Structures are given as structure tokens and as C-alpha cells.
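Chain residues, written in single-letter form:
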Amino acid sequence: MVNLGEIFPNFTVDTTHGSMVFHEYVGDSWCILFSHPADYTPVCTTELSQACKLVPEFTKRNVKLCALSCDDVESHNGWIRDIKSYAKLSEFPYPIISDKTRTLATKLKMIDPDEKDVAGMPLTARAVFVVGPDKKLKLSILYPATTGRNFDEILRVVDSLQLTAQHKVATPVNWKPGDKCMVVPSVREDEEAKLFPSGVEKISVPSEKCYLRMTACPK
């Protein structure tokens, strides 16, 4: 299992777009690798359809997508026709990885022990891994097979990750792009004017500790 901040494993796999070397696929981009339990299943169809529709938004953020399940490429390609029909798409814009041996699912701890295929083999859970251009893991989320993901939230966390990678801020609860941010605790008071020319709002609390500092969202 890879931890946040560690180099995400490199691997060579078959996909619906041909052979993939993961680090080469990421290149100088950000990348979201997300797994689903199985092809030809209802929740997964809605998820991959939504991801397709949001590709322009991910592209604006320099983010590539790739999906994964424990099915072979032939199965993926057949299912893609259903997804395109369901979502009214002419193209399917990102690759789906074949992990029939469950090598990656096991290595990355993506197995859902409560969900099995007709042969009794465990299926992959709904994992989300965000990998940066430096090939390090920036975020991971793991959903059970029965719960579909919110891809608007995944876009939101990408916005937060990219913002906080460039500026000494953190994003508060329910933050959206353009909302005020928190100044990170490591910033000294004498650095505020230089780092945040728009100003810093200090919020008073009973402890009198100055740790709640708001600033405009950096551009």
C-alpha cells in the first residue's frame, strides 16, 4: 500500500488503448486512477459515463484519467459500447486497465471482501488515486462497491491539491475555487504581507491563539 507523498508504483498493463506503462502515461500531467468492481454493472456505468462527460474539465486542469477493473480488455471494449450508448457519447476518451489477475487490486489494497464475482473471486472496490506530475500519491479515497462516487467532489479536491501545491494555503470545509483559504500554520506573521498582499484576516478565539487566518484565494 502506497502512502500519501510516496512514489506511486509504476506498472505495465494492457488497456483499451493498448499497452500502458503507468509513469509514462502520467508524464508531466496529474492523473486519476479509479477502479470499479466489474464491467456491465449499473453503478459503474453511471460513474464512467460521468467521468467521460467531465473530461474537458479534467483536461483544463492537466489531469488524465484511467479506470481499472478485474475484467479483460475484450470485456472492457464491449462494455464501453454500452457506456457510450447510455451517456450518448461518440467517443470513450480514457483507457480502462485490465487487471484480471487482480495483481494491482491486491498490491494497492483495492479489494472489496464483501463483493465477489460468479466464480467467487473478490472484486475491486471503488478506489480513487490522484497522482501528481512528480509521480507521488497526492490523495486516495476508498468507497465500497455499493456506493457510487461524486466526480464533482473529485474535481474539487483536484482544484484544492493544485492550489495548495503552489501556495502556502489550505482549503477549509466545503471550499470551492474562488472561496477564501486558510493560511497554513507554518507561515510566520512577518511573512504574511509578502505572501498575501491582499491581506490576512485573523479570527479571534477564546484561546487567544492566532491559528485561524483567512486570505483571498490565490490566483
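Residues numbered from 1 in each chain as written. Predicted model: local features only at pLDDT ≥ 70, side-chain atom pairs only at ≥ 80, totals over all residues. Heavy atoms only, no water.

Draft legend 1. Summary view of the sheet that holds strand β10 (residues 169–170). Taken in spatial order, the four strands of this open sheet run β10-β11-β13-β12, and their pairing is antiparallel. Taken across any chain shown, the strands that pair with only one partner, and hence form the sheet edges, are β10 and β12 (200–202). Pairing between β12 and strand β13 (residues 213–215): three bridges, direction antiparallel. Within β13, the position partnered with Val200 by the bridge is Thr215. (Pairing = 2+ DSSP bridges. Helix = DSSP H or I, 4+ residues; strand = E, 2+ residues; numbered from the N terminus.)

Draft legend 2. View of unusual backbone geometry. You will see that Lys109, though not glycine, has its phi angle at about 60 degrees, which is positive. Take Lys109: it is sitting in the loop between α5 (103–107) and β6 (111–116). One non-glycine residue, Asn174, lies in positive phi territory at about 60 degrees. Checked against the element boundaries, Asn174 lands in the loop between β10 and β11 (181–183). Overall, the relative accessible area of 61% leaves Asn174 in the exposed class. (Buried < 20%, exposed > 50% of the residue type's maximum accessible area, 1.4 Å probe, protein only.)

Draft legend 3. Layout of the UniProt feature "active site" (unreviewed entry) in the protein. Following the UniProt record, one finds the feature "active site" (unreviewed entry) at Cys44. Relative to the helices and strands, Cys44 is located in helix α2 (residues 42–53). Judged by its relative accessible area of 0%, Cys44 falls in the buried class. Those residues in contact with Cys44, other than ones at most four positions away along the chain, are His36, Pro37, Ala38, Trp79 and Arg126. (UniProt positions renumbered as here; feature names shortened; annotations may be inferred. Contact = heavy atoms within 4.5 Å.)

Draft legend 4. Representation of the packing of α2 against helix α4 (residues 73–87) in the model. Axis separation between α2 and α4 bottoms out at 9 Å; the angle between their running directions is 70 degrees. One finds that α2 runs roughly perpendicular with respect to α4. Handedness of the crossing formed by α2 with α4: right-handed. Between α2 and α4, the residues in contact are Cys44, Thr45, Thr46, Leu48, Ser49 and Lys53 and Trp79, Ile83, Tyr86 and Ala87, respectively. Class assignment for the residues of the contact of α2 with α4 results in six nonpolar, three polar and one charged. (Axes fitted to C-alpha atoms, helices over the stretch in contact; angles between N-to-C directions. Parallel < 35°, antiparallel > 145°, perpendicular 65-115°, else oblique. Left-handed = near helix turned anticlockwise from the far one by under 90°. Nonpolar A, V, L, I, M, F, W, Y, C, P; charged D, E, K, R; others polar.)

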